[in-house]
Amino acid sequence: MSSHVLALLLLLLGGGTTAFQQPQSLLRSKSIIDNNSHLTKFTTGNSAVSSTRSIISSTTLSAEQSSTISDNRPQAFATGYSTNPTSLTTAIEEATAAALSSLPPATDLQYKIDLAIVSTSSLYDEPMSSIVPNVLKVIEASSGLYGYTGLNHLVGCTAGGVIGSRTNTANALSESSSDNNQRECTPYEAEAAPAISVTLALLPNVDITTFHVNGEDVPEFDGGLFQQEFGGRDSTEVWKRLVGLGSSSNDDDKAGDKDKNDPIFMMIPSPAFQNNLDDFMSGLQYTYPNGQTFGGIASTVSSLARARLFCYSDGGNDSGTVYGSGCVGVSFQGDIRVDTMIAQGAKPVGGVYRVVATGRGGATAEEDEAARSTIGAIVLDEAATAEEEQMMEEEEDDEDDEPMDEKQAKKARLAAEYAKSRIPKPPLAEANFVMRRLSDDDQAFMRRALLIGLERGGSLVGQRGGSLVGRTPNELARLAKGEGHRFTVRQVASAGMKDGSVTFPLGSVDIDIGARCRFFVRDGEFAKKEAKALWMGYKKRELERSLFGGMESDDGESSSLNPPTGCLVLPTLDRGVKLYGGKPGYESGLVSEFLPNVPSISGFFANGVLGKLDGTIAGNVGVSNENMLHGSSSQYVVFRSKTKRPIYSPYQAQRDAAKAAAAKAEADAAEQELAAEDEKRSRMSKSSFGSESEAAPRSDNGELIVKRREVHSGRALSVSTVEWSVAEKTAKPTSVLEGYMWEKETQVDRLRERTPLALLMTNCKAAIADPTKPKPRDWIGPVKQAGADGKFVIIPECKRMEPTTGSLRKRFDVSKIVKQLTIAGASAISVNSDGVLFGGSMEDITKAREASNAAAVAQSLASDDGVVAPPILASDLLLYPYQLYKFRLAGADAVNLVVGALENKDLLYLTKIASTIQLQVIASVTSEVQIEMLIKLGPGSIQALVLSNRDLETFDFDESGEQALSLLKSEALQAFREKHGNDVPILVEGRVGIIERDGDNAGYIRALKENGAFGAIVGGGIAAINDDAVAQSLTGWAM
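Residues numbered from 1 in each chain as written. Predicted model: local features only at pLDDT ≥ 70, side-chain atom pairs only at ≥ 80, totals over all residues. Heavy atoms only, no water.

Draft legend 1. Up close: the environment of Gly611. For Gly611, the location among the structural elements is in strand β29 (residues 609-611). Judged by its relative accessible area of 0%, Gly611 falls in the buried class. Every residue in contact with Gly611, bar those within four places of it in the chain, is listed here: Thr293, Ile342, Glu626, Asn627, Met628, His630 and Gln635. (Helix = DSSP H or I, 4+ residues; strand = E, 2+ residues; numbered from the N terminus. Buried < 20%, exposed > 50% of the residue type's maximum accessible area, 1.4 Å probe, protein only. Contact = heavy atoms within 4.5 Å.)

Laid out in structure tokens, this is it:
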């Protein structure tokens, strides 16, 4: 996009692009105080912070802009994954291209990608500095295909294992129930193997800031006192500056925006940054009490390699910088919700204990800090242990068929062992006692590492009778209910060999007398159960939120959860195959199982994960849930929009595209088939059915001379002793009508071969006698009723094509058309069922009857006014009684006789048989001679007369409409009325609704009505108008 166009767009939207950088580091030893300005100036180290905003792409729209711009951009995550073993460049290109293909197409409001999260194996030999330029190159090179012109932000790192996903391929033709449960993507995990994962995110109305912080720039956190001493405007300013959210003109805007929540931070520290991590997270939590933090420590496959961090912001100075130390991260503010939870993978062993003694204070501050993190002695908490054991027994009763005697003996042994624990003991001594009851694997683990879980909230939170109020004591049961963890598991840093005490890492925890604790071991099977229970609890909470709402916020967040748009999985290096065994991919596969509709699953194997143990899921009030570093754990991070943004599904997009392509191919094939059929019928009517050079023979009265098909034509051919009759076409039809009749006779002969006339007659008699079978309805009655007040009655006709002009509709669905006509209020309907010239079929009659009945019932149920199903007239070339019986069984209520194709005896014969089988007869004429033929029939033989504008020689229409008008004025019609009575409706057919007079098509209809026509059968005129205008046309023409 040119700078001129961008400037114009920015001007129209009332905003601009802001890109800023400022010193963000605090070097405690180099701060300089300017007393005159009362501002603190800080000498900048190597930290870099940048934030890029674009009003058009990837940013929040103001209230004024939202009111003038329809912002329906979806929040979307898309992941690409490559395991190219040799080339990092190729792997980047493959993964980025795959991610781009799963994003929604770019728009004028979203033409840049907001964020990329990259994790790559440390095994590649190529320099990591090539990652950011290659990602940008692929995005820019693909702009012609996907429309995205650039990238705003990128963060990432190297890892000892990579997690990615690939969008599943949709089957456009599958409509099975299993396909409805199709997962959006398939996750993959590569541990200690070359791989790269690239996740691209579109985050509309989200402010994004990337940052990099060096360890030496992080001050020691002491509740804000230190920062105030150095002249900060408030005690939080230094922490804001570290993450790029410090004082600036931009910050003033944020301060005045009351709809903003505290930011969400994603952090990726280097392993060396762990010494500063507690201070950094504590400072951010102090500054943003309602904020969130998640992330993982960068890692490598080999301990000899050095982890690398990536950070990029469009418009910033860090144009793809690779860092070997510090911490990179990104902050989110706006329309984004992040849910986090952590699986500890630790199985409880032994009973529940209480701390009865902590460490002793020393002479130095460091010794005092160590004392606060030390457990000196513990004693069994009998009530809590009994409650835990009781729940475990109930669960085992449901799953185990162990004999009662053995259960009682086991319970007695446990009671005897626990009796020894009633005496206070050092933790190491009790650990040795617990270890004797464990399996060999669990004992081996306890010898390598000692894990102790501290009850969250200590002994003072919600206690009643030795348990937390309203909380389930069993760890897995709690997680499955969405109540969160009961114990925070920590690894003992050191132990006193003399006194048996244990000490946690300095400053990590303060031990209180009376706090509950428990021993834990790492166990793969239990870790599987824990992860599954954690996701069950998450889904339970999600369902409760969707059903009952709650937790509404003031920033427009909906009361029910929106579907997730992406998920990060961050396990530590000692999980994966090492913990679970089997094939890689257990945890990411679990995410796909519980979140089948999430389109993106990605992550990396970390040296530790950051955040709150229960994240946002359990909602523990008054229970310790602080940001901390978790080892040997997995973190799950679920992204979604706060507001009701559209949901983009790449799987569904693929399916829709495939369906559209299949539909287009089907439409093209149908059009080609229609064109071929039109051409065939046109040739048939103009060439095969009649002479193109010579006029058809006519009798003295001007009527066409038509002959029936010569059934015995042919020549004899002798082969050996057998004589064959070889068919030989000895005659050619002289008119379209004659050829039409010959083809119809051939068609009827073929039908007779399959179903004899005698069988048809028997079936008709049975249908007439059976009271449960539907009977023909009165066709002419509703027509007369519709015109009783003098209105011109319009009878719509369903017709696929005309032999001279071709198809009338691209899509002919007789059921759909009849339904529309029924709802529009048609009094009766004509259905052309001829398959020779008009493309119809006998099944069209049956479908039309069923559709009219169904539409009438549905319309009656939907409104108080009853709707009567319109009766069906079968319009075809009737030559034999056989056809009458076929129409009777197909569901026709009346039939149309083309008088010009019949002799007097045929008319008499067919009308009598039609009356016998309860079918009404409508006669169609094109001349006065044909009307005179009908005068010879007895009164009541026909129920309506149709005057046609068709020329039977060519089957073209009289485009002037004068043929029908002249018949209306003829003496023959007057004689017909005198013979059959004036109550026989006179209808007109042929180009009604298309022929214009006095400037519009209604003029011709007025002329017909003025000359005595009761109504008209309209086929092409109805097909020529929009389906939505059918009712209006029926009403408008009925003048």
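Draft legend 2. Examining the pairing of strand β27 (residues 566-571) more closely. Taken across its six residues, β27 has six buried, putting it largely inside the fold. Here β27 runs beside strand β31 (residues 634-640); their pairing, made up of six bridges, is antiparallel. Looking across to β31, one finds that Pro571 is bridged to Ser634. Across three bridges, β27 lies against strand β28 (residues 601-604) in parallel orientation. (Pairing = 2+ DSSP bridges.)

Draft legend 3. Focus on the side chain of Ser632. Summarising the element assignment, Ser632 is placed in the loop between β30 (628-630) and β31. Note on Ser632: relative accessible area 18%, which makes it buried. For Ser632, the side chain forms a polar contact with the side chain of Asp574, separated by 2.4 Å. In contact with Ser632, other than residues within four places in its own chain, are Gln344, Arg522, Thr572, Asp574 and Arg575. (Polar contact = N/O pair within 3.5 Å; in protein donor to acceptor, adjacent residues only side chain to side chain.)

Draft legend 4. The packing of aromatic side chains, seen in detail. Within this structure, the stated rule accounts for 17 aromatic pairs. Between the aromatic rings of Phe77 and Phe639, the centroid separation amounts to 4.7 Å while the plane-to-plane angle is 25°, which identifies the pairing as stacked. With Phe77 in strand β5 (residues 76-82) and Phe639 in strand β31, this residue pair connects regions lying 562 residues apart in the sequence. Phe77 sits in the buried class, given a relative accessible area of 4%. In this structure Phe639 comes out as buried when scored by relative accessible area, which is 2%. Ring geometry for Phe265 and Tyr288: centres 5.6 Å apart, planes at 50°, overall tilted. (Phe/Tyr/Trp six-rings, centres within 6.5 Å; stacked < 30°, edge-to-face > 60°.)

Draft legend 5. Region of the structure containing the sheet that holds strand β19 (residues 374-380). Spatially, seven strands are ordered β23-β20-β26-β18-β19-β25-β24 in an open sheet, and the strand pairing comes out antiparallel. Two strands lie at the open edges of the sheet, namely β23 (487-491) and β24 (494-495), each paired on one side alone. For β24 and strand β25 (residues 502-503), the ladder comprises two bridges, and the chain directions are antiparallel. Note on β25: the bridge partner recorded for Ser494 is Thr503.

Draft legend 6. Quick peek at the confidence of the model for the protein. Across the protein, pLDDT averages 81, with 77% of residues at or above 70. Taken as a whole, residues 248-259 scores under 50 in pLDDT and shows twelve contacts with residues more than four places along the chain or in a different chain. Across residues 458-470, where pLDDT falls below 50, the model places 25 contacts with residues more than four positions away in sequence or in other chains. (pLDDT = per-residue confidence, 0-100.)

Draft legend 7. Representation of the side chain of Lys799. Note on placement: Lys799 falls in the loop between β34 (793-798) and β35 (801-802). A distance of 2.6 Å separates a polar atom in the side chain of Lys799 from a polar atom in the side chain of Glu802. In contact with Lys799, other than residues within four places in its own chain, are Leu808, Phe812, Asn832, Phe838, Arg950 and Gly1019.

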